[in-house]
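Listed here are the chains, written in short residue letters.
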Amino acid sequence: MAALSKSEVPPWGLAVAGSTGAVIANALVYPLDIVKTRLQVQVKKHHTDEHDSTHDKHYEGTMHAIMSIIEDEGLHGLYSGIGGSLLGVASTNFAYFYWYSTVRTLYLSKIQKSDKFPSTAVELSLGAVAGALAQLFTIPIAVVTTRQQTQKRGERKGIFATGKEVVDGEDGVTGLWRGLKASLVLVVNPAITYGAYQRLREVLYPTKITLRAHEAFLLGALSKMMATIATQPLIVAKVGLQSRPPPARQGKPFKSFLEVMEYIVQREGPLGLFKGIGPQILKGLIVQGLLMMTKERIEISFILLFRYMRTMRKEQLEKLAKAAADNASKAAAQTKRAIS
């Protein structure tokens, strides 16, 4: 069998592979997503506050949050807002992988024009461009999902009702793009993730075109851990921007991620910017590992599928050409007999 190459798969095929892997991985670890969001949005009680956070109960850590959510809301509380979340995951990852494969292919064919791997700086830049394009189109879903995940049990609403609540708020329709600046800054997260993935792959497996499942999982987990540690303060600030403001602010929303960070530091100190990092990293390790493992398998399936389709098409064309040649020969022979 000829060597497998991702160049055989069009951008939409790579996008389908990436978004499918992301949906499967995020569905499996969704409770961790709820927990890390709840931990990140809560603010420790200040002596001037009547309440300590958006939720009455203050979570002390990952396990305490899980047990508290089950106790207060039942097991299904760990899956609150999963529909909107997976829709957001699918659309964001489809957009990201589509644009990433497109801009990377353009760069390699139009600018670099060599067989060498792009440098780390170039990989990060390509990832940032793809991430920015993806965020512009998909951030409204992230805003609605964050709201759903932080709603109290008696206030839960569907995707469209939650979206209407955001639009009816102080910012109007633009509220659906709250946190856009933070999200655009946070494109460094997937940029670091996939830039590090490509670089680690070139270092650890330089001769391999396709990776085994455990190799893809390892590279995905390591690259995501690096990206999460580097960008956690911005992740916390983004969640604060997109969720309801803490009761202490009396309904006044944050205007920028810098304002969120300042608010958290004043009440919790600098370490408050890293709250929820435990489940964030754990979720990232599992999700990114499963995502890249699944993505690699789906990409191989697409490569084999497209190769099979091209082979069948070639065989059909050869049969048609042969049939046309046979018919032409018969016609020529008949004409010759008729003349003689």
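Computed from a predicted model, the values in this text were never measured in an experiment.

All right, on to the overall build of the protein chain then. The number of helices and strands found in the protein chain is 11 helices and 0 strands. When its helices and strands are written in sequence order, the protein chain yields α-α-α-α-α-α-α-α-α-α-α. A compact globule built from 340 residues should have a C-alpha radius of gyration of about 20 Å, whereas the protein chain, at 26 Å, is more than 25% larger. If one aligns the C-alpha atoms of the protein chain with their principal axes, the spans along those axes are about 110 × 45 × 35 Å. Within the protein chain, buried positions represent 48% of all 340 residues. Working note: accessible area of the protein chain is about 17,300 Å², and carbon and sulfur atoms make up 65% of it. Considering the protein chain, the positive charge centre built from 42 side chains and the negative charge centre built from 27 side chains are found 10 Å apart.

So, on to the side chain of K36. Tracing the backbone through its elements, the reader meets K36 in helix α2 (residues 30-41). Judged by its relative accessible area of 9%, K36 is buried. Apart from the residues lying within four places of it in its own chain, the contact partners of K36 are G276, P279, Q280 and K283.

Below, the discussion takes up the nonpolar core. One broad trend across soluble globular proteins is that nonpolar side chains are buried collectively. Ranked by size, the top nonpolar core spans 21 residues in total, and within it Y96, F97, L126, Y194, Y197, L211 and L291 carry the most contacts. Setting aside chain neighbours within four positions, we find L126 in contact with Y100, V103, R104 and Y107. Residues V43, A182, I264 and L273 belong to the second largest nonpolar core, which totals 15 residues.

The next thing to look at is the pattern of salt bridges. For side chains of opposite charge, pairing can occur when their charged atoms come near one another. The final tally for this structure, using the stated rule, is 9 salt bridges. We note a salt bridge from E73 to R38, for which the minimum N-O separation is 3.2 Å. Here the residue E73 occupies a position in helix α3 (residues 62-73), and R38 occupies one in helix α2, the gap between them amounting to 35 residues. For R38, a relative accessible area of 0% puts it in the buried group. Taken together, the salt bridges that share partners define one network made up of D33, K36 and K283.

Here we come to the packing of aromatic side chains. Tallying each qualifying case throughout the model produces 6 aromatic pairs. Aromatic side chains F94 and Y98 sit 6.4 Å apart centroid to centroid with 10° between the ring planes, which places their arrangement in the stacked category. Note that F94 and Y98 are positioned in helix α4 (residues 82-112) at a spacing of 4 residues, about one turn of the helix. Taken together, a centroid distance of 5.5 Å and an interplanar angle of 85° make the contact between Y98 and W99 edge-to-face. Accessibility expressed as a relative area gives 31% for Y98, which makes it partly exposed. Among the aromatic residues, those joined into a cluster by ring pairs are F94, Y98 and W99.

Attention now moves to the environment of G158. Tracing the backbone through its elements, the reader meets G158 in the loop between α5 (120-149) and α6 (159-167). G158 gets classed as partly exposed once you look at its relative accessible area, which sits at 38%. Separated by 75 residues in the primary sequence, G158 and G83 have C-alpha atoms spaced 9.1 Å apart.

What counts and how
Residues numbered from 1 in each chain as written. Predicted model: local features only at pLDDT ≥ 70, side-chain atom pairs only at ≥ 80, totals over all residues. Heavy atoms only, no water. Helix = DSSP H or I, 4+ residues; strand = E, 2+ residues; numbered from the N terminus. Rg over C-alpha atoms; globule rule 2.2 N^0.38 Å. Buried < 20%, exposed > 50% of the residue type's maximum accessible area, 1.4 Å probe, protein only. Areas by Shrake-Rupley, 256 points an atom, 1.4 Å probe, with all protein chains shown as cover. Lys, Arg positive; Asp, Glu negative; His and termini not counted. Charge placed at Lys NZ, Arg CZ, Asp CG, Glu CD. Contact = heavy atoms within 4.5 Å. Core = buried A, V, L, I, M, F, W, Y, C linked by side-chain atoms within 4.5 Å. Salt bridge = Lys/Arg side-chain N within 4 Å of Asp/Glu carboxyl O. Phe/Tyr/Trp six-rings, centres within 6.5 Å; stacked < 30°, edge-to-face > 60°.

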